[in-house]
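# Residue-level structure breakdown
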Amino acid sequence: MNLLFFDIECASVYKTTAKICAFGYVLCDEHFNIIEKEDILINPKGKFHLTDGRGEHGLVLPYEYGEFKKYPVFPQVYDRIKKLLEDGDNLVFGHATLNDVNYLDLETKRFHLPPFDFTFSDSQLMYMTSIADFSRQFGLEYITKDLDVEFTPHRAADDAYATMRVTEALCKKHGCSCAELEEILRIRRGKISNHKIIKPSSAAYGEYKNKCSREKAERAKRRSKFYSRVNRRHFVKSDKLKGRIFNFSRQLEYNIEVSIPLVEAIFTLGGKYTQKLAECNCYVCEQTDDTVRTRNAISSGTVKVISPDELRKIIDD
């Protein structure tokens with residue numbers, strides 16, 4: 001069984017089109033001895049409109065863009081790419097592979113070609129599962145640095161090579177073959193067939209998503225309780241906090257054991273509470289809070305930022 005690692009670069013990507021300009025691949029044996037490595041360059045039949053991960057201009061591919069017009073269009077390399085990916089003797093891998101598989105599918109639709117049919121795995125998912133961290137998407141550059149693998153970003157064949165080396169490093173870490181690695185990490189391979197795409201998954205990632213869903217539901221429940229107390233009628237005993245309009249950090253709102261007594265004291269002393277940061281003149285958060293909301297409050301210049309302990313002192317005094 002051979003291992004096929006591939007990566008795709010596009011001249012432009014939109015919701016319903018992805019104009020592929022490079023299909024890079026590395027074919028190796030199960031011991032990671034390279035059999036073939038190549039960049040298949042493709043005329044994208046369209047202009048280059050390159051954006052970074054945030055959708056902003058700035059991504060630069062290490063190619064001469066003016067040269068692409070002389071390369072074959074996608075239908076002319078389709079059979080070769082299809083043969084590589086659908087060869088039953090090749091286990092297919094990529095990095096964030098779902099994106100590249102989707103690009104292939106969009107190109108078959110654009111040129112009215114038969115859909116691809118193969119299974120695939122994802123080095124990004126394998127790495128995240130291996131380190132038990134699903135809190136963010138780890139880029140290939142970060143992973144290669146962590147695993148001491150060198151590569152040239154955004155050259156398709158080199159990205160495919162780096163993906164191979166990442167997978168090799170994970171196999172060494174777990175003391176197993178590539179096929180065994182998926183079993184150890186409880187990885188389920190993704191699949192594309194008849195334009196239907198199923199993404200790769202791992203048991204650990206599924207457990208993480210379920211945990212996130214439970215935590216999200218609990219936060220929503222706690223925030224609902226908090227605002228039910230905010231919106232109820234309150235008896236005002238003094239005007240000590242008159243003119244003060246408060247807003248809490250999200251984390252403080254969720255912590256109803258702390259936030260509810262504080263907000264009730266605010267109303268009792270003639271203060272007000274708002275859901276909107278822009279409407280408050282006093283923002284309350286823990287000193288360790290470093291969320292975007294808190295940073296916006298600090299940088300506003302018009303909002304006084306205090307801690308729950310400082311608010312308690314104001315209330316008690």
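Everything that follows concerns the structure shown earlier in this document.
Structural notes, computed from the coordinates. (Residues numbered from 1 in each chain as written. Predicted model: local features only at pLDDT ≥ 70, side-chain atom pairs only at ≥ 80, totals over all residues. Heavy atoms only, no water.)

When its secondary structure is counted, the protein shows eleven helices and 13 strands. Rg of the C-alpha trace for the protein: 27 Å, well past the compact-globule value of 20 Å for 317 residues, more than 25% over. With respect to the principal axes defined by its C-alpha atoms, the protein has extents near 80 × 45 × 35 Å. Buried residues in the protein amount to 44% of all 317 residues. At a minimum sequence separation of 6, the contacts of the protein that also span at least 24 residues come to 66%. Entry remark: accessible area of the protein is about 17200 Å², with carbon and sulfur atoms responsible for 49%. Charged side chains in the protein number 49 positive and 46 negative. The centres of these two groups are separated by 11 Å. (Helix = DSSP H or I, 4+ residues; strand = E, 2+ residues; numbered from the N terminus. Rg over C-alpha atoms; globule rule 2.2 N^0.38 Å. Buried < 20%, exposed > 50% of the residue type's maximum accessible area, 1.4 Å probe, protein only. Contact = heavy atoms within 4.5 Å. Areas by Shrake-Rupley, 256 points an atom, 1.4 Å probe, with all protein chains shown as cover. Lys, Arg positive; Asp, Glu negative; His and termini not counted. Charge placed at Lys NZ, Arg CZ, Asp CG, Glu CD.)

Across seven bridges, the pairing between strand 2 (residues 18-28) and strand 3 (residues 34-41) is antiparallel. Each bridged residue has a counterpart across the sheet, and for Leu27 the counterpart in strand 3 is Glu36. In sequence, strand 2 turns back onto strand 3 through a hairpin of five residues, with Phe32 there showing a positive phi of about 70 degrees. (Pairing = 2+ DSSP bridges.)

The next thing to look at is the sheet that holds strand 12 (residues 282-284). In spatial order, the strands read 11-10-12-13; together these four strands make up an open sheet with parallel pairing. Two strands close off the open sheet at either side, each with one partner strand: strand 11 (272-273) and strand 13 (304-306). Note that strand 10 (residues 245-248) and strand 12 share three bridges and pair parallel. Bridge assignment links Phe248 to a residue of strand 12, and that residue is Val284.

Leu3, Phe5, Phe32, Phe93, Met126 and Leu181 are the most contacted members of the largest nonpolar core, which totals 28 residues. At the level of secondary structure, the elements contributing two or more residues to this core comprise strand 1 (2-13), strand 2, strand 4 (90-94), helix 3 (123-131), helix 4 (140-146), helix 5 (156-174) and helix 6 (178-184). Counting residues per element, this core draws most heavily on helix 5, at six residues. Filtering out sequence-adjacent residues up to four positions away, Leu181 remains in contact with Met126, Thr167, Leu170, Cys171, His174 and Cys176. Core analysis: the second largest hydrophobic core is formed by 27 residues, Ile20, Phe23, Leu85 and Val92 among them. (Core = buried A, V, L, I, M, F, W, Y, C linked by side-chain atoms within 4.5 Å.)

Our focus in this paragraph is the side chain of Thr163. Position of Thr163 among the secondary structure elements: in helix 5. Under the relative-accessibility criterion, Thr163 is labelled buried at 1%. When near neighbours in sequence (up to four residues on either side) are disregarded, Thr163 contacts Phe5, Gly94, His95, Ser123 and Leu140.

For a regular strand, the rule is simple: side chains alternate between the two faces of the sheet. Relative to strand 5 (residues 117-122), strand 4 is paired through two bridges, and the arrangement is parallel. For Gly94, the partnering residue across the bridge sits in strand 5 and is Asp122. Each parallel crossover has a hand, and the one from strand 4 via helix 2 (residues 97-110) to strand 5 is right-handed. Of the strand pairs in this sheet, strand 5 and strand 7 (residues 190-193) are connected by four bridges, and their pairing is antiparallel. (Right-handed = clockwise from strand over helix to strand, strands pointing away.)

Moving on, we get to the sheet that holds strand 5. An order of 3-2-1-4-5-7-8 is seen for the seven strands of this open sheet, with the pairing classed as mixed. Each of the sheet's edge strands pairs with one partner strand only, and the pair in question is strand 3 and strand 8 (196-198). On average, each strand axis in the sheet is inclined to that of its neighbour by 25 degrees, with strand direction left out of account. Sheet topology places strand 1 next to strand 2; ten bridges connect them, and they run antiparallel. Paired with Cys10 across the two strands is Ile20, which belongs to strand 2. The strands touched by helix 2 are strand 1, strand 2, strand 4, strand 5, strand 7 and strand 8; relative to strand 1, the strand with the most contacts, the crossing angle is about 65 degrees. Contacts from helix 5 reach strand 1, strand 2, strand 3 and strand 4 within the one sheet, and its direction differs from that of strand 2 by about 45 degrees. (Axes fitted to C-alpha atoms, helices over the stretch in contact; angles between N-to-C directions.)

Across the nine residues that make up helix 3, a large majority, eight, are buried. Listing the buried residues of helix 3 in full gives Ser123, Gln124, Leu125, Met126, Tyr127, Met128, Thr129 and Ser130. Its side-chain oxygen at 2.8 Å from the backbone nitrogen of Gln124, Asp122 defines the N-terminal cap of helix 3. Positioned one or two residues after helix 3, Ala132 has a phi angle of 55 degrees, which is positive. (Polar contact = N/O pair within 3.5 Å; in protein donor to acceptor, adjacent residues only side chain to side chain.)

Phi is positive for His112, close to 55 degrees, though the residue is something other than glycine. Inspection of the secondary structure puts His112 in the loop between helix 2 and strand 5. On the basis of relative accessible area, His112 is assigned to the exposed category, the value being 73%. For Asn194, which is not a glycine, the phi torsion comes out positive at approximately 55 degrees. Relative to the helices and strands, Asn194 is located in the loop between strand 7 and strand 8.

Everything listed here is a matter of geometry and, on its own, says nothing about what the molecule does.
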